[in-house]
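So you can see what is in the structure, the chains are spelled out below.
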Amino acid sequence: NQEFKFSMLDGLEVLLVGGREYGYYSLRKIGVDLAPLPYSIRVLLESLLRNCDDELITENDIRTLALWRSDSSVLQEIPFKPSRILLQDFTGVPAVVDFAAMRSAMRRIGGDPKLINPLVPVDLVIDHSIQTDFYGSPDALSKNVELEFTRNKERYSLLSWAQRSLNNFRVIPPSVGIIHQVNLEYLADVVHSWSDFSYKNSIGLSKPISSRDKSILDRVSGVLYPDSVLGTDSHTVMINGLGVLGWGVGGIEAEAVALGQPYYMVTPQVVGFELKGRLRRGVTATDLVLTLTEFLRREGVVGKFIEYFGEGVDSMPVTDRALIANMAPEYGATMGFFPVDDQTIDYLRKTGRSEEQIEIVRAYCKEQFLYRDSAKSIPSYTKVLSFDLDSVESSLAGPKRPQDRVSLSNMNLRFRELLSARVKDRGFGISDTELSKAISTDVGEICHGSVVIASITSCTNTSNPRLMIAAGLLARNAVLRGLKTPKFVKTSLAPGSRVVTDYLSKSNLYEPLERLGFHVVGYGCMSCIGNSGAILPEVEKAIRENGIVAAAVISGNRNFEGRINPMVRANYLASPLLVVAYALAGNVNINFDKEPIGKTEKGELVFLKDILPDENEITKVVEETITPEMYINRYKNVFESNEKWNTIADDVLESNEKTNSTISVKSESPIPNSEFRIPNSNTRIPNANSELFKWDNSSTYIQEPPFLFGMRLTCSDELPEIFRARVLVLLGDSVTTDHISPAGSIKFESPAGEFLRAAGVSESDFNSYGARRGNDRVMTRGTFANIRLQNFLAGDGVEGGVTRYFPNDGELTTIFDAAMRYKESGIPLIVLAGVEYGTGSSRDWAAKGTLLLGIRAVIASSFERIHRGNLIGMGVLPLEFPHGVTWQSLNLTGEEEFTIPAIDKNFEPASMIEIIAEREVSKNIFSETKFQVKVRIDTQIELQYYLNGGIMQKVIRNIIERSDRTIL
C-alpha cells in the first residue's frame, strides 16, 4: 500500500565524498520504504531509476520493482542495464565473430557497419585457451604459452581486430589470470565514479535531462552508481562475493546488452540464507562451498537470487564469500549475493584499490541503503534458509557432478560403492571380477581409483590466499618428510593471477610445490575447463585397454563426465590442499585416517595428519606475506603486460588473393525470416578503417557464421507450425552444455576431426572445440559429440555422438550426418530430454550448434536458465513437460513424428500448447499421442526474439529502426 512517487526529470542529487562533489540518483526519491527490499533488489532498482528513458525503461518498470513483495508469485518482466559486460575467450571469440558478422550483415542490407558497436564497456579476458601440454618442469609455463600463441594465432588476430576497431572493447591478454579472479582483484569497482562515455550510456541513449540536472552534471566530478556486470561465463557470479551484482548469460544475450538493449528478466524471488557460527579448525572454505552446493541443490533454488546474511557472514572474508558466490551455477541459483559491508572495504584495501575509491564505495553505499549492517533489520525474503557453519566437515565432490558431496572420511567407501553401481545410478558398472584389476606400467601400477590428474586450478580456489598457502605448507611438510608424487600422476598448478605466484614465492612455498611436480603450467582455467592435455601414453593405454576407472582431483568447480579428460571417468573437486594430498597418495581409494599417505626414504609410514599445516601458521604466513603492493604492481600495466600479445599481427587473414575456400561446405540458412545467400567471397570491401573484419574462407578457426545470411529488414508476425519433426537425440536427466557442445579435444574419427583432416589440418593441430568456436563448420559437427553422451535412440550402453536415422530403417550413424540427411529432406528436428537440460557453462554454441543441426524445438522436463535463454536467442523453441510428466511416462520412444503448433505475435508467454506425436506401429497403421507442454518463452521480449529468428536479428532491426540513417 506504499505510495509510489517518482519523477523522471530532476533525478540527480549531490553527494560529498572526500571534499569532492558527485552526482547520483537517489533511491529515496522513489518514495517507498527500502528496508524490506533485499539488497540485490535495491541494486536493480537503482539501475532502473538511473536508466529510465520512458522508452526502453519506463516509470512502470520502476513501479513494478519498487513494489516488490516477498510473497508475490506474479512474474513480471523488468529490463536491466548492467554497467559493463565481461567475456572470456572461449565465449568471447564467438561473440566477437557475431559482432563482425553483424557489421557485415549491416553492410549487406545497406546500413552503416559502425552502428554495430558496444554501447557499454566490454572487457574480454583471455584465459581459456592455454592447455596443459607440458608439466612437471620449470619451463612448462613458457612451453605452454608458446604453443598457445601458435595454436591461436587466428583467434587472437580476431580479438586484436576487435580491440582496435570496436569502441569500448578492451582485452586483457593471455597469461595475466583467470577472468573471475581478475574481475575480483582488479576490474570490479563496486561503485563506478565515471564521468565520460560510460556514464552517458549508463543513463540510456535518449534519457531526457532537465536544466537542473544539467547544471549538476556541469559541476560534479562524476556520477556514482553501482558496479554491475553480465558475463558470458556462468561463474561471473563469483563477483557477488564482493557485493557486485552480476551473473552469467548467453553470449548472444550479452551481445544484445552490449549494443544497448536491456537484459529482460522476470522479477526474481530472493531467498535469504542465514549462515550461523564459524567453521571448525581444519575445515576449509572449499569444504564449506561443496557442502552448501549439496544443501542448496536439495532445497531447490534454481533460478532464484540468494542473499546471504547472519553472524557467519559478518566475519567471513571476501575470499571465502567469493568461493560460495562462484558455485551458484552448481547449486542452481541465478546468483548468491553478499551485500557490501565492512569485509568488502577490507578486501578492496588489501587488493590495492585507492583510498579515494574505497571512500566512494563506503559513502555511496551507505547513502543508498546498499551497505549491509548486521545491527539493522533483515530484509523481507521470499524464503529464509539457515545453515550452521559448524556442521561442515572436510569434503570432496564427485565423481560426476559438483553437487554430489562426499565426506573425506567416507571417500574410499563411497568410491568402491560407485565402482559396482549401475551407470544409470551414476556408478561405473564394474563387475565383481574386475574390481581388483591392476595393470603394471613403466610409471607404476594403474588400478581403479588411480589419480592420473591432480591439478590446482580454477578461479574458484586460487583466488583464496588462505587455501593456496595451506596447499603450499602441506607440500613443504611432505617434502621435508621425503614424500614424492607417483610418476603416473599428471600434476599442475594454474593460478588465477600472477599475484598467487608472487606470494607463494615470497613465502618460500612455491619451491616445495615444484618438488612435488606442481610447477606453474599457465595462468588460465586449464584443467577446470577441460584443457588438461593428454595423460602419459602408457597410462592412457592401460586405461583404454583394461577399462580402468582412473581419477582426477582438481580444485575447480565442474567435474561433468568427459570434461576434464576423456580418459578419466572419476572426477573429484577438492581444496588445493586435498589436491596435493591425493597426488601424494596416488589413489582416491584411500582412508587417510587409517592408511598412510606415503613413506619416508627410511620406510617410515607418514599419515596425512602428520603433515597437515597448523591453522595458526596459515594465518601467520598470509598476514606476513600478502601486501596491497603485490596487486598494484601486477595490474598497473595489465593491458600491455604480455609482449607476445603486443606484437601479434592484427590481421593475419588479410590476403585478398584468397578468394575461394579450400574447403567444400554445403550450408543453408536455418533462420526463419531469412533469404539464404552465401556472400560472394570474391568481393572484398575496402577496409581502410577496419570497420569490417576480413573473412577468409580457408580459415579453420574463424568463419562468418550463416545466422545472418539473407536477413530481411522486417520479420513476419508468425512462425509456422513445426510439422512432422523427427527426434534427433533422446536424452535423460542432467544433460549439460558440455554434453551438447564439448569444449575439450577433437577426436580423430569424429565428424569435426574428419572435416579438419579434409582441410589439411594434422591431428596434432586439431586443438579443442573451445578454441575453434569461431568456426561454425567445426562447431556444428561437434554438437552432441561428447564421448559420454547417452542418446537413448542409439541403444543401451552406447555412448557418444551417434543416433538412428529413421527414414532408413533406423540406421545407426553420427548425429551430424543424420542431421544433414534430415535437412536435405526438409525434415525438421527436435530433442527430447529430462530434467536440468543445459546445466553447466553458459555456452552459446550449445544453442547455436543445436540450431545449425536443424533442431527447431527442445522438449524437456526442465531447463537451466542460461541455456533456455540461449535457445530462444537463436530461434529454437524451448518446451517443458508439465510437472510429473516425462517422455518416458508418455511412452514416447523417439521414433515418432511430432507436430508443434505455430507461434504468432499474439501468443501469451508461458502458455500451454498441445503437441501431436504419431508413430507407425505397423504398415500404414499409426498410433497417436497428444500431450500438453508449456512454451518456455517467458516474456514478451523473448517472444520478439523468437519471432525475429534470434536476438541478433532483432538487435539489427532495432538499430536500423532507431537510427537516422537511410537504408538503401
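The coordinates are above.
Now for a quick tour of the structure. Being a predicted model, the structure only gives us computed values, none of them experimental.

Here's the deal with the overall build of the protein chain
Moving on, step 1. What the protein chain contains, in helices and strands, is 34 helices and 36 strands.
Moving on, step 2. The C-alpha radius of gyration computed for the protein chain amounts to 27 Å, which stays within 12% of the reference 30 Å derived for 968 residues, consistent with globular compactness.
Moving on, step 3. Taken along its principal axes, the extent of the C-alpha atoms in the protein chain is 85 × 80 × 60 Å.
Moving on, step 4. In the protein chain, which comprises 968 residues, the share counted as buried stands at 63%.
Moving on, step 5. Partitioning the intrachain contacts of the protein chain with sequence separation of at least 6 by distance along the chain shows that 77% fall at a separation of at least 24.
Moving on, step 6. Carbon together with sulfur atoms contributes 46% to the accessible area of the protein chain, which is approximately 34,200 Å² in total.
Moving on, step 7. Side-chain charges in the protein chain split into 105 positive and 121 negative, and the spacing between the mean points of these groups amounts to 1 Å.

Comments concerning the packing of helix H12 (residues 318-326) against helix H14 (residues 342-350)
Moving on, step 1. Running from N to C, H12 and H14 point in directions that differ by 105°, and their axes come no closer than 9 Å. Our classification of the angle between H12 and H14 gives roughly perpendicular. Each of Val318, Thr319 and Arg321 in H12 lies in contact with H14, whose residues at this interface are Gln343, Thr344 and Tyr347.

Concerning the pairing of strand E32 (residues 877-880)
Moving on, step 1. The alternating pattern of E32 places Leu877 and Leu879 on one face and Pro878 and Glu880 on the opposite face, and all of these are buried.
Moving on, step 2. As defined by bridge partners, strand E31 (residues 855-860) adjoins E32 across four bridges and the pair is classed as parallel. Counted as the bridge partner of Ala857 is Leu877 from E32.
Moving on, step 3. Sheet analysis places E32 next to strand E36 (residues 925-935), joined by two bridges and oriented antiparallel. The residue bridging Glu880 from the neighbouring strand is Lys934, located in E36.

Focus: the pairing of strand E9 (residues 228-231)
Moving on, step 1. By the alternation rule, side chains of E9 split into Ser228 and Leu230 and Val229 and Gly231, which are all buried.
Moving on, step 2. With three bridges connecting them, strand E4 (residues 84-88) and E9 associate as parallel partners. When the sheet's bridge partners are listed, Ile85 is paired in E9 with Leu230.
Moving on, step 3. Note that E9 and strand E10 (residues 245-248) share four bridges and pair parallel. Residue pairing across strands places Val229 opposite Gly246, the latter belonging to E10.

Quick notes on the sheet that holds E10
Moving on, step 1. Reading across from one edge, E6-E5-E4-E9-E10 is the order of the five strands in this open sheet, with parallel pairing throughout. Since the sheet does not close on itself, it has two edges, and those belong to strand E6 (169-172) and E10, each with one partner. Pairs of neighbouring strands in the sheet enclose a mean axial angle of 20°, with direction left out of account.

Focus on the packing of aromatic side chains
Moving on, step 1. Counting across every chain of the model gives 22 aromatic pairs.
Moving on, step 2. Taking the centre distance of 4.4 Å and the plane angle of 10° together, the rings of Tyr308 and Phe338 count as stacked. Here Tyr308 is found in strand E13 (residues 305-309), whereas its partner Phe338 is found in the loop between strand E14 (335-337) and H14, with 30 residues between them in sequence. Both residues of the pair, Tyr308 and Phe338, belong to the buried class.
Moving on, step 3. For the cation-ring pair, Lys644 lies above Phe149, with the distance from its terminal atom to the ring centre recorded as 5.9 Å.

Thoughts on helix H9 (residues 251-258)
An α-helical turn contains 3.6 residues, so any two residues separated by three or four positions project in the same direction.
Moving on, step 1. Most of H9 sits inside the fold, with eight of its eight residues counted as buried.
Moving on, step 2. Along H9, the positions that sit buried rather than exposed are Gly251, Ile252, Glu253, Ala254, Glu255, Ala256, Val257 and Ala258.
Moving on, step 3. Positioned one or two residues after H9, Gly260 has a phi angle of 100°, which is positive.

Thresholds, definitions, all that
Residues numbered from 1 in each chain as written. Predicted model: local features only at pLDDT ≥ 70, side-chain atom pairs only at ≥ 80, totals over all residues. Heavy atoms only, no water. Helix = DSSP H or I, 4+ residues; strand = E, 2+ residues; numbered from the N terminus. Rg over C-alpha atoms; globule rule 2.2 N^0.38 Å. Buried < 20%, exposed > 50% of the residue type's maximum accessible area, 1.4 Å probe, protein only. Contact = heavy atoms within 4.5 Å. Areas by Shrake-Rupley, 256 points an atom, 1.4 Å probe, with all protein chains shown as cover. Lys, Arg positive; Asp, Glu negative; His and termini not counted. Charge placed at Lys NZ, Arg CZ, Asp CG, Glu CD. Axes fitted to C-alpha atoms, helices over the stretch in contact; angles between N-to-C directions. Parallel < 35°, antiparallel > 145°, perpendicular 65-115°, else oblique. Pairing = 2+ DSSP bridges. Phe/Tyr/Trp six-rings, centres within 6.5 Å; stacked < 30°, edge-to-face > 60°. Lys NZ or Arg CZ within 6 Å of the ring centre and 35° of its normal.

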